[in-house]
Amino acid sequence: MMKNNKKLAIAGMSTLALAVVAFGAYAYFSDTDSETTQGTVGTVKVDVSDTVLDHSGNLDNINPGDNDPENPDGNRDGSDHELSFKLSNKGNKSIITRTVITITGVTNGDVAGFPAGSVISSDELLNILLSEKKDTTGTVGDTDADKHTAVKVLTPDTVDKTNNKVVYVIGGDRDEDVLSGVGTNNETETANGGLTEVKRIFDVGLSKNVTQESPLMGATITFEVKVEAMQYRNTGTADWETIFTDTVKTYTNN
């Protein structure tokens, strides 16, 4: 799907494209270090703004079994925990995007011999479940799970045992990651039906097998959410640029 790698010089170009990443409402998360950033993607200027986070619900309410597809049939549903945001291309150049989510964690209490502040191992962090979902509402921040369709539980791209983190790279190689340009002389792609914006939704859960003796109980889990983009045309697989980062924290129930 990628085009031949032929990056154009940024200097002297008068046609700029604007990509806006707006975080919508989602439950059970608190945010730190939200920021407005700028970057370049090929010949495209990227301006990220309006990073508004709206929190609702209990901030320490992720329980074992929440959003775990391995729960036996007939079990009562747990709580839904969504991380969602909207990507909009406001310029005339088409772009392609991907999301990189890095998960780390620390203990909050003396659980199973782990003093407060102990770093949680990457093996334990595999019990934090991340699932991608499809949106059927078009409304950013809509937490009605019945209006969203689960796609799959994601498999980590990297389990970093040295630095105790788990990394997911979502998208970047699918038609649905392509956003066409808007306005005068815009680039319209057949990929993704020519859409200029898309909503990304992820479920966060906890394995049903986590017990009270696990260091994950009562832990602080940190998600570093990074959005990367590049101009769709005349770029290759090594041309990703970070256009937005934000750090989001949630707490498991003890």
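Nothing here was measured: the structure is a model prediction, and the numbers come from that model.

Turning our attention to the overall build of the protein chain. A tally of helices and strands in the protein chain yields one helix and 16 strands. The burial tally for the protein chain puts 48% of its 254 residues in the buried class. Considering only residue pairs separated by 6 or more positions, the protein chain has 77% of its internal contacts joining residues 24 or more positions apart. Looking at the protein chain as shown, the accessible area adds up to about 11800 Å², and 43% of this sits on carbon and sulfur atoms.

A word on the pattern of salt bridges. Scanning the model with the defined rule gives 11 salt bridges in all. Of the charged contacts in the structure, one is a salt bridge between Arg174 and Glu176, with a shortest N-O distance of 3.8 Å. Note on Glu176: relative accessible area 22%, which makes it partly exposed. Through salt bridges with shared partners, a single ionic network connects Glu132, Arg174, Glu176, Asp177 and Arg200.

Let's shift gears to unusual backbone geometry. Backbone geometry at Asn67 places phi at a positive 55°, although glycine is not the residue there. Relative to the assigned elements, Asn67 resides in the loop between strand S6 (55-56) and strand S7 (82-89). Although it is not a glycine, Asn185 sits at a positive phi angle of roughly 55°. Structurally, Asn185 can be placed in the loop between strand S13 (178-179) and strand S14 (197-206).

This part is about the pairing of S7. Burial analysis of S7 places seven of its eight residues in the buried class, which makes it a mostly covered element. Pairing between S7 and S14: seven bridges, direction antiparallel. Within the sheet, the bridge partner assigned to Ser84 lies in S14 and is Ile201.

Turning to the environment of Phe223, a few remarks are in order. If you trace the backbone, Phe223 turns up in strand S15 (residues 220-231). For Phe223 and Val166, which are 57 residues apart along the polypeptide, the C-alpha to C-alpha distance reads 9.8 Å.

With that out of the way, let us pick up the nonpolar core. One finds Ile128 and Ile221 to be the most contacted residues of the largest nonpolar core, which totals 31 residues. When residues of this core are traced back to their parent elements, those giving at least two are S7, strand S8 (95-106), strand S9 (128-135), strand S12 (165-171), S14, S15 and strand S16 (241-251). Ignoring any residue separated from it by four or fewer positions in sequence, one finds Ile221 in contact with Ile103, Thr104, Gly105, Ile120, Leu125, Ile128, Leu216, Val248, Lys249, Thr250 and Thr252. Counting residues in hydrophobic clusters, the runner-up holds six residues, among them Val178, Ala191, Met230 and Tyr232.

The next subject is the side chain of Asp68. Mapping Asp68 onto the fold places it in the loop between S6 and S7. Lys208 provides the closest opposite charge to the buried, salt-bridge-free Asp68, at an N-O distance of 5.6 Å. Looking at Asp68, its side chain comes within polar contact range of the main-chain nitrogen of Glu70, at 2.8 Å. Reaching out from Asp68, the side chain makes a polar contact with the backbone nitrogen of Lys208 at a distance of 2.8 Å. Excluding residues that lie within four positions of it along the chain, Asp68 makes contacts with Leu129, Leu206, Ser207 and Lys208.

Glancing now at the confidence of the model for the protein chain. Mean pLDDT for the protein chain: 74, with 69% of residues reaching 70 or above. Within the protein chain, strand S11 (residues 158-160) carries the highest mean pLDDT (98), whereas S6 carries the lowest (37). This stretch, residues 47-59, has a pLDDT under 50; its non-local contacts, to residues over four places away or in other chains, come to 44 contacts. Every residue in residues 140-148 scores below 50 in pLDDT, and together they form 33 contacts with partners more than four places removed in sequence or on other chains.

Reading the values: rules and limits
Sequence order sets the numbering: in each chain, residues are counted from 1 along the sequence as written. It should be noted that, the model being predicted, local features are given only for residues of pLDDT at least 70 and side-chain atom pairs only at 80 or more, the latter also being counted only at that level, while totals for whole chains, interfaces and linings use all residues. Excluded from the side-chain calculations are hydrogens and water; all other atoms, namely the structure's heavy atoms, are used. Note on conventions: DSSP H or I runs of at least 4 residues are helices, E runs of at least 2 residues are strands, and numbering of each starts at the N terminus. Remark: exposure states derive from per-residue accessible area (1.4 Å probe, protein chains only) relative to the maximum for the residue type, with buried under 20%, exposed over 50%, and partly exposed in between. Residues count as neighbours in contact if any of their non-hydrogen atoms are within 4.5 Å of one another. The Shrake-Rupley method, run with a 1.4 Å probe, gives the accessible areas here. Residue values count only the displayed protein chains as cover. What counts as a salt bridge is simple: a side-chain nitrogen of Lys or Arg found within 4 Å of a carboxyl oxygen of Asp or Glu. Should DSSP find at least two bridges between two strands, the strands are regarded as paired. Nonpolar cores are built from buried Ala, Val, Leu, Ile, Met, Phe, Trp, Tyr and Cys residues. Side-chain atoms within 4.5 Å join them into one set. His is not counted here, nor are the chain ends, while Lys and Arg score as positive and Asp and Glu score as negative. Here a polar contact is recorded for every N or O atom pair within 3.5 Å, except that within protein the pair must consist of a potential hydrogen donor and a potential acceptor, and residues adjacent in sequence are included only if both atoms are side-chain atoms. Looking at any residue, its pLDDT shows the predictor's confidence there, from 0 to 100.

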